[in-house]
Amino acid sequence: MTGQDRIEDVLFMVCTFYGIERADLLSRARTRTLHRPRLIAMYLSYRTSGASPEEIGMVFDGRDRTIVQMHCRAIARECEEDFDLMRLVQDLERAIKIRWRLT
């Protein structure tokens, strides 16, 4: 399974959890309902896919690698301060890894 395939799985799981469309998650829209899911998807893509920030940025509508890194750091910091967010991210990561084992 390639990094791109793994990113697609992350996108699927985040979209399913939040009930949003893939195109909306990857868009440049800056609505509140898309912001956190997008950051979580970038963070999980970075942590689980083995893809570089450049590769992840390209999937997310050509965003720069520094934006991906900034968002990943922001979610990591938020997880340290927000137990509920940390549990959510851990649960999504666990679900993604289980999905990979089943395929």
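Everything quoted here is computed from the prediction, not taken from an experiment. (Residues numbered from 1 in each chain as written. Predicted model: local features only at pLDDT ≥ 70, side-chain atom pairs only at ≥ 80, totals over all residues. Heavy atoms only, no water.)

**Student:** With reference to specific residues and values, describe the pattern of salt bridges.
**Tutor:** Tallied over the entire structure, the rule returns eight salt bridges. A salt bridge links E8 to R22, with the nearest nitrogen and oxygen atoms 2.8 Å apart. With E8 in helix α1 (residues 3-18) and R22 in helix α2 (residues 22-26), this pair connects stretches of sequence that are 14 residues apart. With a relative accessible area of 26%, E8 lands in the partly exposed category. One salt bridge in this structure joins E93 and R47, with 3.3 Å as the shortest N-O distance. Here E93 is found in helix α6 (residues 83-102), whereas its partner R47 is found in helix α3 (residues 32-49), with 46 residues between them in sequence. The exposure class of E93 is buried, given its relative accessible area of 9%. Of the residues examined, R47 reaches a relative accessible area of 47% and is grouped as partly exposed. (Salt bridge = Lys/Arg side-chain N within 4 Å of Asp/Glu carboxyl O. Helix = DSSP H or I, 4+ residues; strand = E, 2+ residues; numbered from the N terminus. Buried < 20%, exposed > 50% of the residue type's maximum accessible area, 1.4 Å probe, protein only.)

**Student:** An account of the nonpolar core is requested, with residue identities and associated values reported.
**Tutor:** The biggest cluster of nonpolar side chains holds 30 residues, and the ones touching the most others in it are L11, V14, I40, L44 and F60. When contributions to this core are tallied by element, the ones reaching two or more residues are α1, α2, α3, α4 (53-59), α5 (65-81) and α6. If near-sequence neighbours (up to four positions away) are discounted, V14 is found in contact with L25, P37, I40, A41, L44 and L92. (Core = buried A, V, L, I, M, F, W, Y, C linked by side-chain atoms within 4.5 Å. Contact = heavy atoms within 4.5 Å.)

**Student:** I'd like a description of the side chain of S45, backed by residues and values.
**Tutor:** Topologically, S45 is positioned in helix α3. S45 has contacts with I7, V10, G50, I56 and F60, leaving out every residue within four places of it along the chain.

**Student:** Kindly report on the environment of M13, identifying the contributing residues and their values.
**Tutor:** Among the structural elements, M13 can be located in helix α1. With a relative accessible area of 17%, M13 lands in the buried category. Measuring from C-alpha to C-alpha, the distance between M13 and I96 comes to 6.9 Å, with 83 residues separating the pair along the chain. Beyond its immediate stretch of four places on either side in the chain, M13 contacts L92, A95, I96 and R99.

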